[in-house]
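Next come the chains, spelled out residue by residue.
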Amino acid sequence: MKQWTALLLLAVITALLTGCGRKTGPNGEVIVYNWGEYIDPDVLVMFEEETGISVIYDEFETNEIMYPKIENGASLYDVVCPSDYMIEKMIQNELLAEINFDHIPNIKNIDSQYLIQSREFDPDNKYSVPFCFGTVGILYNKTMVDSPIDSWDILWDERYKDNILMQDSVRDAFMVALKRLGYSMNSTDETQLQQAKESLIVQKALTQAYVVDQVRDKMIGNEAAIGVIYSGEAIYTKSENNDLEYVIPKEGTNIWIDSWVIPKNAPNKENAEKFINFLCRADIALKNFEYITYSTPNAAARALITDDEIRSNPVAFPDFTQYDNLETYRYLGEDATYQYNALWKEVKSY
Amino acid sequence: MNNRRSKFLAAPYALWAAGFILIPLGMIFYYGFTARKGGFTLDNITAIAEPGNMKALILSLILSLISTIICFILAYPLAWILANMKFGKGSFVIIIFILPMWMNFLLRTLAWQSLLEKNGVINTILSFFHLPALKIINTPYAIVLGMVYNFLPFMVLPIYNALEKIDDNIINAAKDLGANRMQTFSRIIFPLSIPGVISGITMVFVPALTTFVISDLLGGGKILLIGNIIEKEFTQDGNWNSGSGLSFVLMIFIIISMILTAKYDTSKEESAP
């Protein structure tokens, strides 16, 4: 492909710089590509000790940074942890290998509702194993708002001008606007998207800032009354500032799922499956959950949580059947993605 | 012999330049003129004319120009004072002045964020004295403040160097020949410090024009500069071609600004007797 040569060059340079001194375990190696801060480092050590497979671990910041590396095949990975819509894109572009579930008996630990939800992007559950999931909702400060919040409308409320924190990402921002207008968050309808864009422009005047990870710290520090946030951060923020409350708005929201997949060109496919199976073990999944605090789809691990308040916490483990308007991001194709980006740029530069 | 040896000594840098300057530049050039689906195109370059991109570019030019002017106004007198200090004292003050630069640039900008925030340090102090709150966070003012704070040393140091090198005898000669203080400054000192001023301007203007961290942290993501747009093309949109095209346009603007300042520089030198 076109980006191939350039990346190959970079790969050669990196290989020259990092290649020396690599020690392979007696049973080979597994090359893992995961989100930053998304695994308990002890888990990797335990895996190496138990299986004799050495782990080469690499991190990415966004799905979009990860994707070209897999597409170009310049650096080979055995197991990657992208999000829902990106998995769909990778399936469509034939970058993923089917997982042999005979090698992953621990899949039985995964609660079936997450596998069913996964079918939105992986229709036959052939390519992915859910690792973490969550919702996107509103985090609000009880002392700074008049009444309990249950709707995205609050983000357009003039009374909270300069007290609102929005997510600085295309899909999440448009999800909020589209859901509020009663549309699907996977809409590609031109008029619906224009309407969403217009409402986001209106909202920009009320927004204090567009942020990503900083929502957490700003809400804890009482900088704003209302913020859009991932549920995985909600439990942590509440433990730091008891006035904070997380809610899934009644218009519905996004359920995101990050899952393990195996690229087609993975050099150590069997080790990758061993790695996934290891992470699906109840005690390992629990250890990981306690470290990263993002909700685990592992039912067996959830049963092991000793703190009752967390185990039955509707923020961490919402019952999907209670909602009929939860969706998962779909890959919308190159043209629609481009359209979203262009509209978002219009909002941001307005 | 001597020549050959110096060539040999330059080899490591030549390698470095090839690997980390020429090849990346070539890649930007290549991507900038390639369509996403392959094939030559000018679309990534003309994309600068799109309203959002144009607005960001103009805003970047305005904000970095303002910052450069403010830096110059603050830096010149300071450099003058420092250059006139007795040797030891002056360099001590210089060290004090560049001390913050030993800390990470990101951390210093983050510190400004927590200083300027609604419940930040400055507003807490102001409200303690029942003074009105300072509301510049997430506005262009905060971005200019961040630029001036971060890039001021890059203006002071070259001007200080230029001023320090001016031979006292030249100034004394001017005074002997009847020039008053104003004339000495405008006819002798300032023209001789122009090279320092030029490199100061370049060293402030260029990073200010391309920054995306300062505008992100102090602008609350509500103000898009051209640097932010390019950054988003790579990290969020996964569109390397468009990002490279815009970077290429930005480089052209930087080259133009350098040519303009350099031209000013030589014409001054020629007119100076």
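Residues numbered from 1 in each chain as written. Chains lettered and ligands numbered in written order. Predicted model: local features only at pLDDT ≥ 70, side-chain atom pairs only at ≥ 80, totals over all residues. Heavy atoms only, no water.

Engineer: Could you clarify how one ought to interpret empty space enclosed by the protein in this entry?
Structural biologist: Empty pockets left among the atoms are what a rolling probe the size of a water molecule brings to light. Within this structure, the stated rule accounts for two cavities of 30 Å³ or more. Estimates place the volume of the largest cavity at around 120 Å³. Secondary-structure elements contributing two or more residues to the lining of the largest cavity are β4 (129-141), α10 (269-279) and α11 (282-292) of chain A. For the lining of the largest cavity, the leading source of residues is α11 of chain A, giving four residues. For the lining of the largest cavity, a count of residues per class yields 13 nonpolar, four polar and no charged. Here the second largest cavity is characterised by a volume of approximately 100 Å³. Contributing to the lining of the second largest cavity are Val-170, Asn-341, Trp-344, Lys-345 and Lys-348 of chain A together with Leu-224, Asn-228, Ile-229, Lys-232, Glu-233, Gln-236 and Asp-237 of chain B. Elements that contribute at least two residues to the lining of the second largest cavity include exactly α14 (333-348) of chain A together with α11 (226-235) of chain B. (1 Å grid on protein atoms, 1.4 Å probe; cavity = no way out; pocket = protein on both sides within 12 Å on 5 of 7 lines; lining within 4 Å. Points joined across faces, edges and corners; volume = space filled by probe spheres on them. Helix = DSSP H or I, 4+ residues; strand = E, 2+ residues; numbered from the N terminus. Nonpolar A, V, L, I, M, F, W, Y, C, P; charged D, E, K, R; others polar.)

Engineer: Got a minute to help me understand the sheet that holds strand β3 (residues 79-80) of chain A in this structure?
Structural biologist: Note: strands within a sheet are paired through backbone hydrogen bonds, in either parallel or antiparallel orientation. All names here are of chain A. Overall, parallel pairing links the three strands, which are arranged β2-β1-β3 in an open sheet. What marks the edges here is a single partner per strand, and that holds for β2 (54-60) and β3. Here strand β1 (residues 29-35) pairs with β3 via two bridges, running parallel. Bridge assignment links Tyr-33 to a residue of β3, and that residue is Val-80. Docked against the sheet, helix α3 (residues 63-72) engages β1, β2 and β3, running at close to 145 degrees with respect to β1. Along the sheet, α10 makes contact with β1 and β3, crossing β1 at roughly 55 degrees. (Pairing = 2+ DSSP bridges. Contact = heavy atoms within 4.5 Å. Axes fitted to C-alpha atoms, helices over the stretch in contact; angles between N-to-C directions.)

Engineer: What's the story with the domain arrangement of chain A in this structure? I'm lost.
Structural biologist: The accessible area lost on association of the parts is a frequent measure of interface size. Residues and elements named next belong to chain A. In terms of domains, chain A is made up of domain 1 (4-132 + 256-321) and domain 2 (134-255 + 325-348). Here the C-alpha centroids of domain 1 and domain 2 sit 27 Å apart. Summed over both sides, the interface of domain 1 with domain 2 buries roughly 1,800 Å², with 61% coming from carbon and sulfur. Applying the counting rule to domain 1 against domain 2 returns one salt bridge. The closest approach of N and O atoms between Glu-88 and Arg-330, which form a salt bridge, is 2.7 Å. The interface formed by domain 1 and domain 2 holds nine residue pairs in polar contact (both at pLDDT 80 or more) in total. Only α4 (84-92) and β9 (255-260) provide two or more residues apiece to the side of domain 1 that touches domain 2. Grouping the constituent residues of the side of domain 1 that touches domain 2 by class yields nine nonpolar, four polar and four charged. (Domains from an automatic or database assignment. Buried area = accessible area lost by both parts, 1.4 Å probe. Salt bridge = Lys/Arg side-chain N within 4 Å of Asp/Glu carboxyl O. Polar contact = N/O pair within 3.5 Å; in protein donor to acceptor, adjacent residues only side chain to side chain.)

Engineer: Just to check I follow, could you spell out the nonpolar core for this structure?
Structural biologist: Burial of nonpolar side chains together is a common tendency in soluble globular proteins. Counting 115 residues, the largest nonpolar core has Leu-155, Phe-174, Ile-226 and Phe-275 of chain A as its most contacted members. In terms of residues, this core owes the most to one element, β4 of chain A, which gives eight residues. A domain split of this core shows at least three residues from each of domain 1 (4-132 + 256-321) and domain 2 (134-255 + 325-348) of chain A. The residues touching Phe-275 of chain A, leaving out its near neighbours within four places in the chain, are Val-30, Val-32, Ile-39, Leu-44, Phe-47, Val-79 and Trp-260 of chain A. Formed by 34 residues, the second largest nonpolar core is a distinct cluster that contains Leu-63, Ile-136, Ile-159 and Val-197 of chain B. (Core = buried A, V, L, I, M, F, W, Y, C linked by side-chain atoms within 4.5 Å. Buried < 20%, exposed > 50% of the residue type's maximum accessible area, 1.4 Å probe, protein only.)

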